[in-house]
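Observations on the three-dimensional arrangement
If you want the building blocks of each chain, they are given just below.
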Amino acid sequence: MIYYELKIACLLKKNLYYTETNEFIGNKINKSMLLDDDLKKEHKKNEYKMYCFNSFFPIEKDKTYSSGKVYMFKLRSLDKLFIDKIKICLKKLKDNDIDILAIEKRKVNMNDFKEFHTITPVIVTVDNKPWIKENGDLEVFISRLQNNLIKKYKKFFNEELELEEYFIEKFTMGKKPLACKYKGKSMLGYKIKFKINDDEVSKKLAYIALAAGLGEKNSSLGAGFCCIKG
């Protein structure tokens, strides 16, 4: 199974506090999509967008990303056509807050890995509110993650998946929720580490998580951006 990844170097032209960076990047990706007729149509659809991104790196210890400095971020998708188009659009992007300097593309073959971690918070909502560990049901949290991945898989591959148990064998979660600014409010989520079961369906869902993100707000906030534990 294959996904595609862009590594993007950019010059930041305004100061950003770390809680603002994910929405900032998501807005610039959305703006660039308007430069292509097909991506513009996709952007307007109320459905899974099937891509995810991380936040700026290197990480700033003082939690403020500074104007005049160069940062990197990554963008992933299952869809090669989307990746090729968004690469062109990002290069064309004219913006007062950011300059895109360089973009590298790579194709990633998913091997037989079992352990993963997220580098951006995983967001799950219940009754239109962020799921919070202190008063939340862990089974609901895992179930929401799994159902979300199954729906993404069906959308992209047009195939049904059936699981007799949860695809996650075990996981650990950060002690406190992390906040990302979104439309004037704070969206709360948790960084997690997880190990998947050995069956083929669990592996397929882990592949979707790597390529399109775990949980919600993957394309708008880059939430749930996963990496293989190394």
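Residues numbered from 1 in each chain as written. Predicted model: local features only at pLDDT ≥ 70, side-chain atom pairs only at ≥ 80, totals over all residues. Heavy atoms only, no water.

Let's talk about helix α1 (residues 21-33)
Over its 13 residues, α1 runs 19 Å from end to end, which matches the ideal 18 Å to within 8%, given 1.5 Å per residue. Of all 13 residues in α1, 11 are buried, a share of seventy percent or more. Listed as buried for α1 are Thr21, Asn22, Glu23, Phe24, Ile25, Gly26, Lys28, Ile29, Asn30, Ser32 and Met33. (Helix = DSSP H or I, 4+ residues; strand = E, 2+ residues; numbered from the N terminus. Expected span 1.5 Å × (residues − 1). Buried < 20%, exposed > 50% of the residue type's maximum accessible area, 1.4 Å probe, protein only.)

Brief notes about the pairing of strand β11 (residues 178-182)
Direction of pairing for β11 relative to strand β12 (residues 185-189): antiparallel, over a ladder of five bridges. Note that in β12 the partner of Lys181 across the bridge is Ser186. Hairpin geometry of β11 and β12 is characterised by an intervening segment of two residues between the two adjacent antiparallel strands and by a positive phi of about 55 degrees at Lys183. (Pairing = 2+ DSSP bridges.)

So, the packing of α1 against helix α3 (residues 80-92)
Look at α1 against α3: their axes get within 9 Å of each other, and the N-to-C directions meet at 95 degrees. Our classification of the angle between α1 and α3 gives roughly perpendicular. Residues Ile29, Ser32 and Met33 of α1 touch α3, and the partners they reach there are Phe82, Ile86, Cys89 and Leu90. Taken together, the residues that form the contact of α1 with α3 break down as six nonpolar, one polar and no charged. (Axes fitted to C-alpha atoms, helices over the stretch in contact; angles between N-to-C directions. Parallel < 35°, antiparallel > 145°, perpendicular 65-115°, else oblique. Contact = heavy atoms within 4.5 Å. Nonpolar A, V, L, I, M, F, W, Y, C, P; charged D, E, K, R; others polar.)

Details of the nonpolar core
In terms of nonpolar packing, the biggest core is built from 35 residues, with Phe141, Leu145, Phe167, Ile192, Phe194 and Leu214 touching the most fellow members. Only α4 (138-157), β10 (168-173), β13 (192-196) and α5 (200-212) provide two or more residues apiece to this core. Among the elements that make up this core, the one with the highest residue count is α5 (nine residues). If near-sequence neighbours (up to four positions away) are discounted, Leu145 is found in contact with Val122, Val124, Ile168, Ile192, Leu214 and Gly215. Counting 27 residues, the second largest nonpolar core, distinct from the first, contains Cys10, Leu16, Leu90 and Leu93. (Core = buried A, V, L, I, M, F, W, Y, C linked by side-chain atoms within 4.5 Å.)

Here we look at the sheet that holds β10
Hydrogen bonds between backbone groups are what pair the strands of a sheet, and the pairing can be parallel or antiparallel. Read from one edge of the open sheet, four strands run β10-β13-β7-β14, paired in antiparallel fashion. The strands lining the two open edges of the sheet, one partner per strand, are β10 and β14 (226-228). The mean inter-strand angle of the sheet, taken between neighbouring strand axes irrespective of direction, is 25 degrees. Relative to β14, strand β7 (residues 115-118) runs antiparallel, the two being bridged by three bridges. By the bridge assignment, His117 is partnered in β14 with Cys227. Taken strand by strand, α5 contacts β7, β13 and β14, and its axis lies near 120 degrees from that of β14.

Topic: the sheet that holds strand β6 (residues 98-109)
The four strands lie next to each other as β3-β5-β1-β6, forming an open sheet whose pairing is antiparallel. At either margin of the open sheet sits one strand with a lone partner, and together these are β3 (51-53) and β6. Between one strand and the next, the sheet's axes are offset by a mean angle of 20 degrees, whatever the strand orientation. Bridge analysis of strand β1 (residues 2-12) against β6 gives 11 bridges, and the strand direction is antiparallel. If you follow Leu11 over to β6, its bridge partner there is Asp99. Set on the sheet, α1 makes contact with β1, β3, β5 (70-77) and β6; between it and β3 the angle comes to about 135 degrees. In the packing of α3 onto the sheet, contacts are made with β1, β3, β5 and β6, and the angle to β6 comes to roughly 165 degrees.

Some remarks on the side chain of Arg76
Here Arg76 is to be found in strand β5. One polar contact links the side chain of Arg76 to the main-chain carbonyl oxygen of Leu210, over a distance of 3.0 Å. From its side chain, Arg76 meets the backbone oxygen of Cys226 in a polar contact 2.6 Å long. Once residues within four sequence positions are removed from consideration, Arg76 is found in contact with Tyr3, Tyr4, Glu5, Met50, Tyr51, Cys52, Ile83, Leu210, Ala211, Phe225, Cys226 and Cys227. (Polar contact = N/O pair within 3.5 Å; in protein donor to acceptor, adjacent residues only side chain to side chain.)

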